[in-house]
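Residues per chain, in single letters:
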Amino acid sequence: GFVYKEESFKRLKRQHEYCFLHKSFQEFLAASYIALKLRRKNLNVFEHLDFDAVVNKFLQVFVFVCGILREEATILFSQICEKLKGDWDWLKCSDAATNFLITSWSESGNAEGMANTFCSFMPFPRVVHLLCDHRHWNLLTVLLFCRSFSKVETPDELHLRESPIFSFLCAKVRELASLPNVKSLGFSSLNLNWARELSRCLPDFASLTELALPIVPEMSDWGFVAEALATSKTLETVGFTLFGESREGWARALDAGLCADTPLSSVSLRIWGPMSETALQALENLLLNKSLSSVSVIVEEIGRASCRERV
C-alpha cells in the first residue's frame, strides 16, 4: 500500500517503475533508516550532506528522524553542532535553519533538552542588539520559542529596535514581555490599540530601562501611558516622537512617571515641525520637574535640515 507500479511505455527493454503513493512515505522510511544508523553510531550525516541540504532539501526527513529518535535526537544535534562549530552566527540564522530548529526540537518531544544541546555548543551572544528586520527576526523567533526553557542560557541583555520599514514588534508586545533581560525597546510605528496593549504590558517587562515610542497620530488620551510610566519599576529613559502641534498630554504622561516612585529620570524628544504654543508651554513645565536629570530635544523641520538641541 506504500507504492504503486508505473508501467513502462517502451516496447524494447521495458522497465517498470515503482513509486511511493505520497512523498511522506518515502521521507519517513528514509528517516527510519537514518535513525537506526544513528542509534548504532554507524552514520555521520555530514559525510554525505551539508547543513543547507538538511534544512532545505531534506527538511521533513530529518524532522521525522527527530520524532523517531525522541530523546536520542541529541545524537543528531551533536553532529550538527560539530559540523557548524566556528561558522555559526545567530544574527545570520536563515529562515530555513530557524524553521528546522524549532520544528525538529518540538518533534523530538523534548524541545527544551534539544534546544539546550544545540545552544550549549552554539550559545546566544551575551549582549544582543537587534534591528528587527528580515535579517535579525529569526534570532528573535528562536529566543521567543526558548523563553520558558530554564536550561537554555539566554542573553544577558536584549536591545530591540524596529526597522522603519518593517513593523514587527508591536504585534509581539505580550510575548516580548515574557522574554528575560529585555533592556530597551524602540518602536517605529504604533496604532492606538497597540499603544494601549504596550501600556498594559509595560509593568511585565522586568528589566526594561529604555523605551522609545513613535508618533501615534490618533492619540488624544495619554492617561493609560501615564499610568504605565508611573507603575514601571525599572524604566529609566523614555523617548517620544511628536508632531510640533501635539497637545500637552504627552508631557502630563511624562510628569506622572517622573513624579511617581520610579527610576525614570531621563527624557528624549524628537519633534517634527514647529512647536505650538501649547506644546512649548508643556515642554517648559516638563523642564521644571525636579526628578528630571537629563533631557534631549531634537526638532526636525520638515523639508529642511534638522536642528538638534540638547539641554
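See above for the structure.
Residues numbered from 1 in each chain as written. Predicted model: local features only at pLDDT ≥ 70, side-chain atom pairs only at ≥ 80, totals over all residues. Heavy atoms only, no water.

*Asks:* How should I be thinking about the pairing of strand β7 (residues 237-243) in this particular structure?
*Replies:* A regular strand places its side chains on the two faces of the sheet in alternate fashion. As paired strands, strand β6 (residues 210-213) and β7 are joined by four bridges and run parallel to one another. Residue pairing across strands places L213 opposite F240, the latter belonging to β7. Here β7 runs beside strand β8 (residues 266-272); their pairing, made up of seven bridges, is parallel. Bridged to V238 within β8 is V267. (Pairing = 2+ DSSP bridges. Helix = DSSP H or I, 4+ residues; strand = E, 2+ residues; numbered from the N terminus.)

*Asks:* Would you explain empty space enclosed by the protein in this entry?
*Replies:* Where empty space is left in the structure can be found by rolling a water-sized probe over the atoms. Applying the stated criterion across every chain, the model contains one cavity of 30 Å³ or more. Considering only enclosed or pocket space, the largest cavity measures out at about 110 Å³ in volume. Residue lining of the largest cavity: 15 residues in total, with A195, L198, S199, L213 and V225 positioned closest to the centre. Elements that contribute at least two residues to the lining of the largest cavity include exactly α9 (192-201), β6 and α10 (223-231). Counted by class, the lining of the largest cavity contains 14 nonpolar, one polar and no charged residues. (1 Å grid on protein atoms, 1.4 Å probe; cavity = no way out; pocket = protein on both sides within 12 Å on 5 of 7 lines; lining within 4 Å. Points joined across faces, edges and corners; volume = space filled by probe spheres on them. Nonpolar A, V, L, I, M, F, W, Y, C, P; charged D, E, K, R; others polar.)

*Asks:* Would you take a moment to explain the packing of aromatic side chains for this structure?
*Replies:* Geometry of an aromatic ring pair is reported as the spacing of the ring centres plus the angle between the planes. Under the criterion given, the structure shown has twelve aromatic pairs. Look at F28 and F64: their rings are 5.5 Å apart centre to centre, the planes differ by 85 degrees, and that puts the pair in the edge-to-face class. With a gap of 36 residues between them, F28 in helix α1 (residues 23-39) and F64 in helix α3 (residues 59-69) connect regions that are remote in the sequence. Among the aromatic side chains, those forming a connected cluster through ring pairs are F51, F77, W88, W90, F100, W105, F118, F124, F145 and F149. (Phe/Tyr/Trp six-rings, centres within 6.5 Å; stacked < 30°, edge-to-face > 60°.)

*Asks:* Looking at this model, I keep getting lost on the layout of surface pockets. Mind explaining?
*Replies:* Estimates place the volume of the largest pocket at around 440 Å³. In this structure, the largest pocket is lined by 23 residues; those nearest its centre are R161, G186, E210, A212 and G239. Secondary-structure elements contributing two or more residues to the lining of the largest pocket are β3 (127-132), β4 (157-162), β5 (182-186), β6, β7 and β8. For the lining of the largest pocket, the per-class residue count stands at twelve nonpolar, eight polar and three charged.

*Asks:* Would you mind showing me how to read the nonpolar core here?
*Replies:* By size, the foremost hydrophobic cluster in this structure holds 102 residues, and its most contacted members are F118 and W250. Examining the composition of this core, we find that eight residues originate from one element, α3, more than from any other. Ignoring any residue separated from it by four or fewer positions in sequence, one finds F118 in contact with F77, I80, C81, L84, W88, W90, L101 and W105. (Core = buried A, V, L, I, M, F, W, Y, C linked by side-chain atoms within 4.5 Å. Buried < 20%, exposed > 50% of the residue type's maximum accessible area, 1.4 Å probe, protein only. Contact = heavy atoms within 4.5 Å.)

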